[in-house]
Amino acid sequence: MAKETRDFGTRKIDELGRVVIPKEIKVSLGLIEGTSLKVTLQNEKIILEKADPPCEKCGR
C-alpha cells in the first residue's frame, strides 16, 4: 500500500517553539487536545506520530 504525501505549506515556529498542525491533518488523524505525539529526529527531518495509548494499568 503506497503512502500518500500531501503538502500543507510552510508553518512558522512561534516564540515558545510551537508549530500549528493544520486542521485537516488533525481531523484526518483524530488528533484532539491532549493527544500524545511521539517526536523523532531522523537526519534533517522531524517526525511526529500518534503515540500508543498509555497502559490502562500503569499509565505508561
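Residues numbered from 1 in each chain as written. Predicted model: local features only at pLDDT ≥ 70, side-chain atom pairs only at ≥ 80, totals over all residues. Heavy atoms only, no water.

Engineer: Explanation requested: the pattern of salt bridges in the structure shown.
Structural biologist: Oppositely charged side chains can pair when the atoms bearing their charge come close. Applying the stated rule across the entire model yields three salt bridges. A salt bridge links Arg-6 to Glu-4, with the nearest nitrogen and oxygen atoms 3.9 Å apart. Using a relative accessible area of 48% as the deciding quantity, one classes Arg-6 as partly exposed. When its relative accessible area of 65% is taken as the criterion, Glu-4 is described as exposed. Across the salt bridge formed by Glu-24 and Arg-6, the nearest N and O atoms sit 2.7 Å from each other. Separated by 18 residues along the polypeptide, Glu-24 in helix α1 (residues 23-29) and Arg-6 in the segment before α1 bring together distant segments of the chain. Through salt bridges with shared partners, a single network forms among Glu-4, Arg-6 and Glu-24. (Salt bridge = Lys/Arg side-chain N within 4 Å of Asp/Glu carboxyl O. Buried < 20%, exposed > 50% of the residue type's maximum accessible area, 1.4 Å probe, protein only. Helix = DSSP H or I, 4+ residues; strand = E, 2+ residues; numbered from the N terminus.)

Engineer: Would you explain unusual backbone geometry in this entry?
Structural biologist: It is generally the case that most residues other than glycine have a negative phi and that most peptide bonds are trans. Its identity is not glycine, yet Asn-43 carries a phi of approximately 55 degrees, on the positive side. Mapping Asn-43 onto the fold places it in the loop between β1 (37-42) and β2 (45-50). Take Asn-43: its relative accessible area is 71%, and that puts it in the exposed class.

Engineer: I would appreciate a short explanation of the pairing of β1 in the present structure.
Structural biologist: Each regular strand displays side chains that alternate between the two surfaces of the sheet. Here six bridges tie β1 to β2, and the two strands are oriented antiparallel to one another. The residue of β2 that forms the bridge with Lys-38 is Glu-49. (Pairing = 2+ DSSP bridges.)

Engineer: Can you help me understand the environment of Ala-51 in this one?
Structural biologist: Its place among the elements puts Ala-51 in the segment after β2. A sequence separation of twelve residues divides Ala-51 from Val-39, and the C-alpha atoms of the two residues are 8.9 Å apart. The residues contacting Ala-51, other than those within four sequence positions of it, are Ser-36, Leu-37 and Lys-38. (Contact = heavy atoms within 4.5 Å.)

Engineer: I keep staring at a nonpolar patch on the surface and nothing clicks. Help me out?
Structural biologist: Residues Leu-37, Val-39, Leu-41, Ile-46 and Leu-48 make up a contiguous nonpolar surface patch of about 530 Å² in total accessible area. For the nonpolar patch, the secondary structure elements donating two or more residues are β1 and β2. Note on placement: Val-39 falls in strand β1. (Patch = residues over 30% accessible without salt bridge, like charges linked within 9 Å, V, L, I, M, F, W, Y side chains within 5 Å. Areas by Shrake-Rupley, 256 points an atom, 1.4 Å probe, with all protein chains shown as cover.)

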